[in-house]
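Residue-level listing of the chains:
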Amino acid sequence: MSIYWKRKKDRVVYGIEQLTLQQRLVISYILIILLPSILISMYIFRGLTGNTIQELQKNNEYALEIEQVSIHNNMETMKRAAERARIEPHVYDYLDQPNELSVEDLIDLDRINLYNIVRIQYNNPSIELIRIFMSNPATNEMYPVLYHESRIQKDPWHKTVMEADQQDVWVFSRSTREILQSRLKGEEVISPRISLYREMQYPKGSHVGISEVDMLLTNFFPNTFNALQDDHSQLVIFDRKGSIYRNSANSFFDRSGLTDAMVMQQLASIEPTKISKGSFEFKVAGAPFLGVYSYIEPLDIYMLKVSSLLPVYEGINKTRNQIILANFILIAILTLSTYYLNSFILKKLHVLTDSMKKVRQGDFGFDINIRGGGEVGDLAHHFRKMLRKINELIADAVNKQAAAKGAELATLKNQIDSHFLYNTLENIKMMAEINDQRDISDALTSLGSMMRYNMRWTSEYVRLKDELSHISNYINIANIRFDNKMKLITDIPADAMNQELLKMSLQPVVENSVKHGLRDRDLNIVIRAELDSDLMLISVTDDGAGMSSEQVYELNSRITRREGVSGDWSGQGGSHPGQGSGIGLVNVHSRIQLFFGKEYGLHVESELGSYTRITIRIPHLILSGGLS
């Protein structure tokens, strides 16, 4: 795994190194300015979002506390009103009266006692009405306070009140059923309200009736039903029966896509306890909301304030985007500034870069028109001196190479006085034929062919088949001396016969095999040619004395290191023990590299007592047609 990541790192570093200075600066701006700015902005605004939501939560909790104070005050007002109705002694006497009262007593009851109860309602405008439902059938109903209990015995709350044993019972209702059938014919009046019911007993333990104090919800929950509310939030009331009470004139729910059922479901999902208060966040159709709730135990209801978080996120995101946009604009300005500064300040560096490209392409005959001081000026000064030194070295190398080539060719051409010897050999050959000495005549024929081959030095290059013919003549002559102990075997494809190679490049290799490989038995010399992509590999293998690995290494080293020439071969080699120095192989290797290039040459392989193989590596070129 470490190697994999190291390679990844190397590729990234290499890719960065290929970028221009301007591109590197832009990347630096992004890494130093933009990315940290984005990360810091995200971190800061994330915290700011949390703080803003916490602040909104505290404000909503404060709004619920204010509403809760109003609710408790209204509850106390209704309780006091109910208690005032209970303490009127004549009213209790009347409720427990077994016989009907006289007209004068009824007038006094209405004028004094009932008027005091009605006055309680008038003195508290938030109270909608105060009523007493009498269980005694001997009593008379007196509007608007006294009614018979039979009118409300079928109402669902009646049983609850009777079971409460004089405890307060709070009941929410969306409408009010008119008690008197003559008014509105018993129709319900839509006016959501809360009612306080309490059983009345007199004397102790004797049920005489039920008191009722009503207050409209618009008065009981002043902030919930207030027309002046925030456009992004709304107060709602939940009871245990799943009923929801809210100001329908507030369009927050409709604008936000909320419904009473959605909000009720969200509140039920957190399973709040009766003594709890808290908050939760939820989403509807992707829009975020914050809910802050509080439980009012006497009423068994929840107050919930629902607020939209979209304004919070939009405001913070807008500020964050403005900062990021400002960073982008800053980077764009820096990029443009860098571009023009590069054109002005680094103009000389661009000129120096173009000059280096010319040198890489082989053009050394120019001068750099850069003057002045500074780092770029010093670099240009030393570059001019380097150009002059390169030109001097090239001229010196060319002169030395030309001299060496001329000396080598002159040595090869002047080894034999070709014309004199050839004419002499022809005369001897004729004398051998006259005296019927066929072996001598054949040997002289081979020798003459070799000399004729040497005399035809019109070009450095010959075909492989011509060189093989020359080698065959050489073996024929050598067999006269060594009593036909040598056998030449060629394994050359037909399409390789026209392969181009240097003249006299195979004879030194074969001569090396004859000189160092011949032992007390026959010597087989095999010449093979093999095409490897665009290379021609010609090998000369003998089954002679062979060499040790140390000798092979020494010989290969001598071949590849002559005059500082370094070939591509890596291996081992050396000269044969006690014989020669490999100068012939060195000369052939040097000529091949001189004419074809540094990647070509000779390579020696051998095994002591088994074989020696010398491989010539040259380009695959057809002498009659150029490149194959």
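Here we summarise the structure given alongside this text. Quick caveat: nothing in here was measured; it's all calculated off a predicted structure. (Residues numbered from 1 in each chain as written. Predicted model: local features only at pLDDT ≥ 70, side-chain atom pairs only at ≥ 80, totals over all residues. Heavy atoms only, no water.)

### A look at the overall build of the chain
- Of the regular secondary structure elements, the chain holds 17 helices and 19 strands.
- Taken across its 628 residues, the chain has 42% of its residues classed as buried.
- Contacts in the chain between residues far apart in sequence, at least 24 positions, make up 63% of those at least 6 positions apart.
- Put simply, the chain shows about 35800 Å² of open surface, and 54% of that area lies on carbon and sulfur atoms. (Helix = DSSP H or I, 4+ residues; strand = E, 2+ residues; numbered from the N terminus. Buried < 20%, exposed > 50% of the residue type's maximum accessible area, 1.4 Å probe, protein only. Contact = heavy atoms within 4.5 Å. Areas by Shrake-Rupley, 256 points an atom, 1.4 Å probe, with all protein chains shown as cover.)

### Notes on the sheet that holds strand 9 (residues 287-296)
- Judged by pairing direction, the sheet is antiparallel, and its 5 strands sit side by side in the order 7-6-10-9-8 without closing on themselves. Both outer strands of the open sheet, strand 7 (244-246) and strand 8 (277-284), are each paired with one neighbouring strand and no more. Mean inter-strand twist for the sheet, computed between neighbouring axes without regard to direction, equals 25°.
- Direction of pairing for strand 6 (residues 233-239) relative to strand 7: antiparallel, over a ladder of 3 bridges. Residue pairing in the sheet places I237 in a bridge with Y245 of strand 7. (Pairing = 2+ DSSP bridges. Axes fitted to C-alpha atoms, helices over the stretch in contact; angles between N-to-C directions.)

### Some remarks on a nonpolar patch on the surface
- Taken together, the side chains of I27, I30, L31, I32 and L35 make up a nonpolar region of the molecular surface, amounting to roughly 430 Å² of accessible area.
- Mapped onto the secondary structure, I32 falls in helix 2 (residues 21-86). (Patch = residues over 30% accessible without salt bridge, like charges linked within 9 Å, V, L, I, M, F, W, Y side chains within 5 Å. Salt bridge = Lys/Arg side-chain N within 4 Å of Asp/Glu carboxyl O.)

### Some remarks on the sheet that holds strand 12 (residues 486-491)
- Read across the sheet, 5 strands follow the order 12-14-15-17-16 without closing on themselves; strand pairing throughout is mixed. At either margin of the open sheet sits one strand with a lone partner, and together these are strand 12 and strand 16 (601-607). Going across the sheet, the axis of each strand differs from the next one's by a mean of 15°, ignoring polarity.
- As defined by bridge partners, strand 16 adjoins strand 17 (residues 611-619) across 7 bridges and the pair is classed as antiparallel. What sits directly across from E607, in strand 17, is Y611.

### As for the pattern of salt bridges
- Enumeration according to the criterion identifies 12 salt bridges in this entry.
- In this structure, E212 and R131 form a salt bridge, with 3.2 Å as the shortest nitrogen-oxygen distance. Here E212 is found in strand 5 (residues 207-216), whereas its partner R131 is found in strand 1 (residues 127-134), with 81 residues between them in sequence.
- Judged by its relative accessible area of 2%, E212 is buried.
- Across the pair R246 and D260 runs a salt bridge whose closest N-O atoms are separated by 2.8 Å. Of this pair, R246 sits in strand 7 while D260 is found in helix 8 (residues 260-269), placing the two residues 14 residues apart along the sequence.

### Observations concerning the packing of aromatic side chains
- Within this structure, the stated rule accounts for 17 aromatic pairs.
- Seen in terms of ring centroids, Y461 and F596 are 6.0 Å apart; in terms of plane orientation they differ by 50°. Their pairing is tilted. Placement of the pair is Y461 in strand 11 (residues 461-463) and F596 in helix 17 (residues 583-596), with a sequence separation of 135 residues.
- Judged by its relative accessible area of 16%, F596 falls in the buried class. (Phe/Tyr/Trp six-rings, centres within 6.5 Å; stacked < 30°, edge-to-face > 60°.)

### Observations regarding the packing of helix 14 (residues 464-481) against helix 15 (residues 507-517)
- At a closest axis distance of 10 Å, the pairing of helix 14 and helix 15 adopts a crossing angle of 30°. Here helix 14 lies roughly parallel to helix 15, going by the angle between them. By crossing handedness, the relation of helix 14 to helix 15 is classed as right-handed. Note on element contacts: helix 15 touches helix 14 through Q507, V510, E511 and V514, opposite E467, H470, I471, Y474 and I475. (Parallel < 35°, antiparallel > 145°, perpendicular 65-115°, else oblique. Left-handed = near helix turned anticlockwise from the far one by under 90°.)

### What about the environment of A432?
- Position of A432 among the secondary structure elements: in helix 12 (residues 418-434).
- Given a relative accessible area of 6%, A432 falls into the buried group.
- Those residues in contact with A432, other than ones at most four positions away along the chain, are Q437, I440 and S441.

### Examining the pairing of strand 15 (residues 535-542)
- For strand 15, the buried fraction is high: 8 of the 8 residues fall into the buried class.
- What you see with strand 15 is no split at all: L535, L537, S539 and T541 on one side and M536, I538, V540 and D542 on the other are buried throughout.
- Joining the antiparallel neighbours strand 14 (residues 523-532) and strand 15 is a turn of 2 residues, in which S533 adopts a positive phi near 60°.
- Examined bridge by bridge, strand 15 and strand 17 share 8 bridges and lie antiparallel to one another. For V540, the partnering residue across the bridge sits in strand 17 and is I614.

### Here's the deal with helix 14
- The end-to-end C-alpha distance of helix 14 is 26 Å, a good match for the 26 Å that 18 residues give at a rise of 1.5 Å each.
- For helix 14, the set of buried residues is L464, E467, L468, H470, I471, N473, Y474, I475, A478 and N479.
- Two residues or fewer after helix 14 comes D483, characterised by a positive phi angle close to 60°. (Expected span 1.5 Å × (residues − 1).)

### Concerning the side chain of T560
- In this fold, T560 is placed in helix 16 (residues 549-560).
- In terms of polar contacts, T560 uses its side chain to reach the backbone carbonyl oxygen of N556, at 2.9 Å.
- A polar atom in the side chain of T560 sits 3.4 Å from the backbone oxygen of S557. (Polar contact = N/O pair within 3.5 Å; in protein donor to acceptor, adjacent residues only side chain to side chain.)

### Thoughts on the nonpolar core
- In this structure, I194, F220, F221 and L299 are the most contacted members of the largest nonpolar core, which totals 47 residues.
- It is helix 2 that provides the largest number of residues to this core, a total of 9 residues.
- Not counting chain neighbours up to four residues away, the residues in contact with L299 comprise I71, M75, W170, F172, I194 and F220. (Core = buried A, V, L, I, M, F, W, Y, C linked by side-chain atoms within 4.5 Å.)

### Quick notes on the pairing of strand 9
- Counting buried residues in strand 9 gives 10 out of 10 residues, a clear majority hidden from the surface.
- Side chains of strand 9 alternate between two faces, with A287, F289, G291, Y293 and Y295 and P288, L290, V292, S294 and I296 buried alike.
- In the sheet, strand 8 pairs with strand 9 via 8 bridges, with the strands oriented antiparallel. What sits directly across from F282, in strand 9, is F289.
- Linkage of strand 8 to strand 9, two consecutive antiparallel strands, is achieved through a turn of 2 residues, within which A285 is found at a positive phi near 55°.

### Section: the environment of E297
- Among the structural elements, E297 can be located in the loop between strand 9 and strand 10 (301-308).
- The class for E297 is exposed, based on a relative accessible area of 54%.
- Distance from E297 to S276, taken between C-alpha atoms, is 9.9 Å for residues 21 residues apart in sequence.

### Overview of unusual backbone geometry
- The omega angle of the peptide bond from Y143 to P144 is 10°, so this bond is cis rather than trans.
- Backbone geometry at D300 places phi at a positive 55°, although glycine is not the residue there.
- Along the chain, the position of D300 falls in the loop between strand 9 and strand 10.
- Of note, N484 is a non-glycine position whose phi angle comes to about 55°, a positive value.
- Looking at the element boundaries, N484 is found in the loop between helix 14 and strand 12.

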